[in-house]
Structure formats: structure tokens, C-alpha cells
Amino acid sequence: MGFYCSLVYSIPKNICLLKPGFTLAGGHHFNQVSKIKARMQDQPDKVRVPHVLTVAGSDSGAGAGIQADLKACAARGVYCSTVITAVTAQNTVGVQGVNVVPEEFVAEQLKSVLSDMRPDVVKTGMLPSAGIVNILCQSLQEFPVQALVVDPVMVSTSGDVLAGSSVLASFRDKLLPMADVVTPNLKEASALLGGMLLESLADMRSAAKSIHEFGPRYVLVKGGDLPVSSDAVDVLYDGNDFFEFRASRVRTSNTHGTGCSLASSIAAELAKGLPVISAVKVAKRFIESALEYSKDIHIGNGRQGPFDHLLKLKNNAPGLCAAYPFDPSSLFLYAVTDWRMNRKWGRSITDAVKAAIEGGATIVQLREKEAETGDFLESAKACLEICRQYGVPLLINDRVDVALACDADGVHVGQSDMPAQTVRALLGPDKIIGVSCKTPEQAQQAWADGADYIGSGGVYPTNTKENNRTIGLDGLKTVCSASKLPVVAIGGIGISNAHSVMELQVPNLRGVAVVSALFDRESIVTETQKLHKVLLESAVKVR
Ligand SMILES: Cc1ncc(COP(=O)(O)OP(=O)(O)O)c(N)n1
Ligand SMILES: Cc1nc(C(=O)O)sc1CCOP(=O)(O)O
Ligand SMILES: [Mg+2]
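Attention here is on the structure that accompanies the text. These numbers were taken from a predicted model, which means no experiment stands behind them. (Residues numbered from 1 in each chain as written. Chains lettered and ligands numbered in written order. Predicted model: local features only at pLDDT ≥ 70, side-chain atom pairs only at ≥ 80, totals over all residues. Heavy atoms only, no water.)

**Notes on the site of ligand 2**
No. 1: Residues in close proximity to ligand 2 total 14 residues, the closest being T462, T464, N468, G492 and S516.
No. 2: Separating an oxygen atom of ligand 2 from a side-chain N or O atom of N468 is a distance of 2.9 Å.
No. 3: Within the contact set of ligand 2, an oxygen atom lies 2.6 Å away from a side-chain nitrogen or oxygen of S516.
No. 4: Protein burial of ligand 2: of its 430 Å² of free accessible surface, 94% is covered by the chains.
No. 5: Its residues assigned to classes, the shell around ligand 2 comprises 3 nonpolar, 8 polar and 3 charged. (Near = heavy atom within 4 Å. Polar contact = N/O pair within 3.5 Å; in protein donor to acceptor, adjacent residues only side chain to side chain. Areas by Shrake-Rupley, 256 points an atom, 1.4 Å probe, with all protein chains shown as cover. Nonpolar A, V, L, I, M, F, W, Y, C, P; charged D, E, K, R; others polar.)

This is how it looks when you write it as C-alpha cells:
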């Protein structure tokens with residue numbers, strides 16, 4: 001289907017487009033909404049919500065299938081329409097009956113939704129006959145969507161067969177070549193590959209590679225059933241690289257419907273505009289949070305119960321949607337505040353933040369080392385209001401408590417702060433977490449801990465942070481190469497040397513983080529504008 005493509009530097013649009021005072025209902029990311037608005041050429045004033053169409057079977061027990069897809073999309077803040085392919089009589093014990101919907105009626109449902117409602121993403125689950133797979137493929141050719149996520153459902157968690165061998169051939173020959181993401185578990189991957197034995201991580205990698213040859217752009221082989229590991233490891237393959245997603249296993253029997261829910265959550269994030277790797281990452285975190293939250297609930301008497309997707313509605317637990325899905329291009333010009341500099345120049349923190357944003361800052365971090373907690377919280381709330389008006393994410397340095405209290409967009413932590421894994425557990429799946437890394441080992445750990453980006457420095461000597469080790473451009477390059485996470489460079493960077501940093505030509509180096517070059521100057525707006533210009537020029541050169 002062909003979907004997102006990313007440039008080495010995609011320059012955030014919010015600064016040039018968003019005017020002061022512009023606010024968005026519902027906390028949507030400006031870029032995301034503008035993208036969606038742009039598609040509504042016939043009704044330019046209407047805001048269109050991200051929309052997933054699920055084509056799947058109904059589960060009367062509502063743990064999996066259509067019902068899980070609806071709940072997952074609702075929890076992720078995305079509209080979900082449904083085409084039902086089969087109605088199952090099902091509970092936590094097993095599948096007692098299956099009634100396949102006639103092919104013509106599946107076609108009619110598809111036409112109704114696709115011709116009128118134009119979903120962004122289609123996600124498939126139970127496709128019980130080759131005829132239904134064919135009809136779906138024809139419908140998608142007639143009404144193309146932006147992405148197709150295929151969960152190749154074949155066997156239910158209770159072991160009941162939901163799609164026979166003729167469906168396998170249609171998956172391989174017709175549906176997978178159209179798919180952007182396919183999400184087999186070990187059994188499904190094995191079935192797609194004619195019974196190949198999958199017992200290790202190495203087997204999962206080679207299965208992902210073989211399935212990729214059927215034509216999907218990304219293959220996510222889910223290792224939840226791998227017996228040897230205490231962690232749940234999934235492997236994503238994009239045709240070139242492997243990405244491992246590792247999470248400690250949640251001890252619960254309430255796992256019915258996790259496959260459907262993961263695929264729907266990936267589809268939901270894609271519909272919001274996230275690239276595939278980020279969508280998979282966020283979706284996995286969401287499912288982990290939901291499983292953790294529901295690990296002790298009790299519904300039904302079977303071996304595997306359903307879990308609760310709508311955790312946030314119950315308990316104010318973290319896990320619903322962030323105001324900003326993390327966009328790595330927001331690291332482009334990262335402004336980090338400093339209370340001493342603001343005092344020296346007689347400015348309030350809110351004035352400093354506003355000026356930096358007006359000059360072109362694309363993300364802001366409040367780094368207020370000496371502030372009293374209460375004062376810090378009040379400042380953070382006031383700054384957050386400004387940042388939300390401009391559509392710029394606001395992160396808090398070190399203080400997870402302050403970030404939680406003001407509902408900031410994320411936290412930046414260093415190697416001696418709270419471990420990123422703990423921060424993730426506290427903040428939930430959606431908030432942005434940055435980790436400072438000076439070495440490749442730290443960079444690898446940051447990915448494993450669920451960080452969204454790395455801050456790496458000091459690239460040059462700095463007076464802003466005492467006793468900071470300078471790692472230079474070489475050190476920065478080594479950290480970037482050791483990780484798939486986006487990286488922002490920090491330490492002694494300003495208009496005179498920013499181009500040298502950005503011209504390193506490392507694909508995941510997405511911007512510079514700056515304190516004194518913006519805040520220890522007479523005019524923050526002017527200095528930020530100058531730095532923005534230098535960065536833009538470097539970005540153009542690199543492209
Ligand atoms: C973007 C960014 N990168 C690195 C740091 C440094 O964080 P840390 O190592 O925790 O040091 P302190 O800032 O807490 O002194 C950062 N703040 N931001
Ligand atoms: C906060 C911080 N962290 C660093 C690191 O190397 O991780 S360097 C640094 C200070 C950056 O300030 P300036 O832009 O004024 O040099
Ligand atoms: Mg710190």
C-alpha cells in the first residue's frame with residue numbers, strides 16, 4: 001500500500017504555521033490535525049478524526065475479535081468502524097460455534113464503509129474463507145487506504161481453528177503483498193511458512209525474513225509463546241533491519257485478545273500519523289499497561305480471560321492518549337531552560353519559554369534545578385498552557401512527580417536520575433521519555449527501557465552543567481550508531497557550531513538541545529531565530 005516516508009530531517013511545521021493563541025480541541029497534535037484536515041478538501045472546516053476499519057469476527061465473550069478492536073481503538077482515541085466476517089459463540093473456555101457471514105454480505109459491508117467513511121487504516125482479523133480474503137483485496141483495490149495491518153488470525157487462544165488451509169494460500173498470495181504490517185504469533189508464522197519450527201529468537205528472525213518475502217512492508221513476529229524467555233520479545237523486520245521489542249512478562253492469565261488488540265492499536269497509531277516503528281512501540285506499551293492493570297480481574301471460568309482496555313476510565317491509571325504522539329522531528333530545536341540565566345536577565349520562565357517558541361523552538365524542557373517543588377509545579381503549569389497553545393511539547397527535567405502533577409508531555413532523565421524503565425512504568429505508554437547517554441551501552445539500555453529519544457553530549461565543553469564530560473562529535477556519532485532511537489545533541493552548541501553537528505549526516509541525529517545559546521542572551525527570540533535558520537540550512541544541505 002505504501003505509507004509513511006521519512007526524510008533525514010523532517011522539519012516540524014508547527015513553527016511556521018501555528019499562530020499564537022491557536023488552540024486545538026481534544027489535545028490533538030497540530031501536525032496530525034492539519035494532515036487530516038488537508039484530506040478533507042470538500043469540507044475544509046471540519047476536523048476529521050483518525051479512523052480504523054476492522055474487518056474481523058465477532059467474539060461473543062468480547063475479549064477478542066471485533067469487540068477487542070473497538071475497545072483498543074477507543075482507548076487509543078481513534079474512531080473504529082467494523083466489517084464482521086463471522087459471528088462466533090465464544091467465551092473464556094473456548095469457541096462453541098462459528099457462523100460465517102456470506103461473502104456477498106461481507107462485500108456489502110465493505111462497500112458501505114469504504115465508499116462513504118474513508119477509513120485511514122484497515123486492520124484485519126479473522127478472515128474465515130479464501131473468498132472473503134479475495135473480496136477484501138478487491139475492495140481495497142477499489143477503495144485504497146493509507147495502510148493495511150494484517151493480523152493473520154488462524155487459531156483462537158483456546159486452540160480452535162478459525163481459518164483453514166485455503167485461507168493460508170490467499171493470505172500468502174493476495175493479502176500479504178498488500179499489507180504494510182503483518183503481525184503473526186509463533187503458531188501463525190509457522191503456519192504461513194509451511195510448519196517451520198520456531199523455538200528461538202534466531203528462528204523468529206529468520207521467519208520474519210521469510211514472511212517479508214511474501215510482500216508486506218513490515219513483519220512483526222510476536223514471541224509471547226516462546227517458552228525459554230522470561231521476557232516477551234517481539235521481532236520487527238522491515239526488509240533491512242531487525243528491531244527487538246522486549247518487555248517483562250506480565251504474570252496474568254487475562255491475555256485473551258492481546259493479538260487483536262495489539263494489531264488494532266498499531267493500526268490506530270498509524271491512523272494518527274505515526275511511522276510504523278513508533279506505532280508498534282506505542283501499541284506494545286499500551287497493551288503491557290492494560291495487561292498489568294487488569295492482571296487480577298476475573299471474568300469467566302476458562303484458562304484465559306479478557307483484559308480491560310479502558311483502564312484510564314476506571315482508575316486514572318496512565319495509559320490513554322497523550323496530547324502529542326511523539327514526533328522525532330520535534331527534537332529539531334530543543335530549548336532547555338535555566339533558572340540562573342532567567343534571573344540574570346530578569347525574565348520569568350513563562351516569558352523565556354514563549355520567546356523561545358516564537359523564535360522557532362520545537363520542543364521545550366524545563367530544567368529548574370534549584371526551584372522549590374511548589375514553585376516548579378506552578379511554573380510548569382503556566383508553561384504547559386503556553387506550549388499547548390503553540391502545539392509544542394513540554395518536558396520536565398528529572399522530576400517525574402512534577403511531570404505527573406501538571407500532565408506534562410514527558411520527562412528527561414540522566415544516568416543518575418530515576419531509571420527510564422521506572423519512569424515509563426509511572427508515566428504510562430504515551431508520554432515522551434528522553435534519556436542522556438554518553439556511551440553505546442547506555443544507548444542500548446535506553447531503547448530496552450522504553451525511552452523515546454536520547455540526549456547525547458557534551459558535544460562541546462559547556463559552562464551550564466558542572467563537571468560534564470565532553471564526548472565530542474565522535475562520541476556523539478558512536479552513540480547515534482548504537483541505537484535506533486532518535487538522538488538530540490547537547491552541550492556547548494550554538495549558532496557557530498550547530499552546522500558541524502547536523503552535518504555529521506547520521507540519520508537518527510534529529511536536532512540540537514541548547515541552553516545558554518538561547519537563554520543567556522539579550523533577545524531569546526532573535527537568538528532562537530538565528531539558530532533555527534542555521535539548522536534549516538544544514539538540513540537542506542544534508543537532503
Ligand atoms: C535533551 C537533554 N539531553 C541531556 C540532558 C542532561 O540530562 P542529565 O544527564 O540528567 O543532566 P541534568 O540536565 O539533569 O543536569 C538534558 N537535560 N536534556
Ligand atoms: C543539561 C546538559 N546536559 C548535557 C549533557 O552532556 O548531557 S550538557 C548540558 C548543558 C547544555 O547547556 P549549553 O547549551 O548551555 O551548553
Ligand atoms: Mg538529570
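**Side note on the environment of H256**
No. 1: You can see H256 is positioned in the loop between strand 9 (242-248) and helix 9 (258-272).
No. 2: Overall, the relative accessible area of 6% leaves H256 in the buried class.
No. 3: Along the chain, H256 and K111 lie 145 residues apart, while their C-alpha atoms are 30 Å from each other.
No. 4: Polar contacts involving the side chain of H256 include one to the side chain of D59, which spans 3.1 Å. (Helix = DSSP H or I, 4+ residues; strand = E, 2+ residues; numbered from the N terminus. Buried < 20%, exposed > 50% of the residue type's maximum accessible area, 1.4 Å probe, protein only.)

**Observations concerning the nonpolar core**
No. 1: Of all hydrophobic cores here, the largest spans 111 residues; its most connected members are L366 and V501.
No. 2: Per-element tally for this core: the top contributor is helix 10 (residues 276-293), with 9 residues.
No. 3: A domain-level breakdown of this core finds at least three residues from each of domain 1 (4-21 + 49-293) and domain 2 (328-542).
No. 4: Setting aside chain neighbours within four positions, we find L366 in contact with T337, I349, V353, F376, S379, A380, C383, L394, L395, I396 and N397.
No. 5: Counting 44 residues, the second largest nonpolar core, distinct from the first, contains L127, L140, L175 and A207. (Core = buried A, V, L, I, M, F, W, Y, C linked by side-chain atoms within 4.5 Å. Domains from an automatic or database assignment. Contact = heavy atoms within 4.5 Å.)

**Topic: the site of ligand 1**
No. 1: The local shell around ligand 1 holds 16 residues, among which R367, K369, D417, S436 and K465 are the closest.
No. 2: Contact between ligand 1 and N397: an oxygen atom at 3.0 Å from a side-chain N or O atom of the residue.
No. 3: The backbone of G414 places a nitrogen or oxygen atom 3.0 Å from an oxygen atom of ligand 1.
No. 4: When contributions to the shell around ligand 1 are tallied by element, the ones reaching two or more residues are strand 13 (410-413) and strand 16 (487-490).
No. 5: In terms of residue class, the shell around ligand 1 is built from 5 nonpolar, 6 polar and 5 charged.

**Quick notes on the pattern of salt bridges**
No. 1: Under the defined criterion, the tally for this structure stands at 22 salt bridges.
No. 2: Of the charged contacts, one joins D69 and K123 as a salt bridge, the two residues approaching to 2.9 Å between their closest N and O atoms. Of this pair, D69 sits in helix 3 (residues 65-75) while K123 is found in strand 4 (residues 121-124), placing the two residues 54 residues apart along the sequence.
No. 3: Given a relative accessible area of 0%, D69 falls into the buried group.
No. 4: Of the charged contacts in the structure, one is a salt bridge between E537 and K533, with a shortest N-O distance of 3.5 Å. (Salt bridge = Lys/Arg side-chain N within 4 Å of Asp/Glu carboxyl O.)

**What to know about the sheet that holds strand 15 (residues 453-456)**
No. 1: Taken in spatial order, the 8 strands line up as 10-11-12-13-14-15-16-17 and close into a barrel, and their pairing is parallel. For this sheet, the mean angle separating the axes of adjacent strands, direction not counted, is 25°.
No. 2: As judged from the 4 bridges shared by strand 16 and strand 17 (residues 509-514), these two strands associate in the parallel manner. Bridge pairing in strand 17 links V487 to L509. (Pairing = 2+ DSSP bridges. Axes fitted to C-alpha atoms, helices over the stretch in contact; angles between N-to-C directions.)

**Here's the deal with the packing of aromatic side chains**
No. 1: The final tally for this structure, using the stated rule, is 4 aromatic pairs.
No. 2: Between F245 and W447 the ring centres are 5.5 Å apart and the planes differ by 40°, which places this aromatic pair in the tilted class. Residue F245 is found in strand 9, and its partner W447 is found in helix 17 (residues 440-448); the two are separated by 202 residues along the sequence. Accessibility assignment for this pair places F245 and W447 in one class, buried. (Phe/Tyr/Trp six-rings, centres within 6.5 Å; stacked < 30°, edge-to-face > 60°.)

**Points about the packing of helix 3 against helix 9**
For any two helices packed against each other, one specifies the crossing angle of their axes together with the interaxial distance.
No. 1: Direction vectors running N to C along helix 3 and helix 9 enclose 40°, while the axes themselves pass 8 Å from each other. Between helix 3 and helix 9, the angle is such that the two are oblique. Two packed elements cross with a definite hand, and for helix 3 against helix 9 that hand is right-handed. Residue-level contacts link G65, A68, D69, A72 and C73 of helix 3 to C260, S261, S264, S265 and A268 of helix 9.
No. 2: A breakdown of the residues in the contact of helix 3 with helix 9 according to their chemical character gives 5 nonpolar, 4 polar and 1 charged. (Parallel < 35°, antiparallel > 145°, perpendicular 65-115°, else oblique. Left-handed = near helix turned anticlockwise from the far one by under 90°.)

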